[in-house]
Amino acid sequence: MPATNNFSSTDTAILAPYTDAVTITPNNSADLAQVTRALHAHGAGSHHDVAVTLANDPDGTSVILSMAKGDVLPIRVKRVWVTGTTATTIVGLY
């Protein structure tokens, strides 16, 4: 089932604070239930790789993003992949 994108018709410059957060379990075969507004990743070490599929990627390909520990990355993703992800805790912000 494809991820619901509640922000598809929203201006790309969403400035309002986040109002919800969900712990994400990476999965190589299933999209998230909802497209994120941002990601927060942490775990042991000073930086983490997170493999994601961007919300508007029609091919479902992944890209690996490197995040400093505790950073919030304002990015809309529909999938977080196990393969290529080193972060142990990932939170989707909405």
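Scroll up for the structure.
Please read all numbers here as calculations on a predicted model, not as lab measurements.

Topic: the nonpolar core
Counting residues in hydrophobic clusters, the biggest one holds 13 residues, and the most contacted among them are Leu 39, Val 50, Val 52, Val 77, Val 80 and Ile 90. Secondary-structure elements contributing two or more residues to this core are β2 (38-42), β3 (47-54), β4 (63-68) and β6 (77-81). Apart from residues no more than four positions distant in its own chain, Val 80 is found in contact with Ile 24, Pro 26, Asn 27, Val 50, Ala 51, Val 52, Thr 85 and Ile 90.

Observations concerning the side chain of Thr 85
Looking at the element boundaries, Thr 85 is found in the loop between β6 and β7 (89-93). Within the structure, Thr 85 has its side chain in polar contact with the backbone nitrogen of Ala 51 (distance 3.0 Å).

Some thoughts on the sheet that holds β6
A sheet is described by the order of its strands in space; here 3 strands give the open sequence β4-β3-β6, paired in antiparallel fashion. Across the chains shown, the open sheet's two edge strands, defined by having one partner strand only, are β4 and β6. Pairs of neighbouring strands in the sheet enclose a mean axial angle of 45 degrees, with direction left out of account. Here β3 pairs with β6 via 4 bridges, running antiparallel. Among the inter-strand pairings, Leu 54 is bridged to a residue of β6, identified as Val 77.

Reading the values: rules and limits
Residues numbered from 1 in each chain as written. Predicted model: local features only at pLDDT ≥ 70, side-chain atom pairs only at ≥ 80, totals over all residues. Heavy atoms only, no water. Core = buried A, V, L, I, M, F, W, Y, C linked by side-chain atoms within 4.5 Å. Buried < 20%, exposed > 50% of the residue type's maximum accessible area, 1.4 Å probe, protein only. Helix = DSSP H or I, 4+ residues; strand = E, 2+ residues; numbered from the N terminus. Contact = heavy atoms within 4.5 Å. Polar contact = N/O pair within 3.5 Å; in protein donor to acceptor, adjacent residues only side chain to side chain. Pairing = 2+ DSSP bridges. Axes fitted to C-alpha atoms, helices over the stretch in contact; angles between N-to-C directions.

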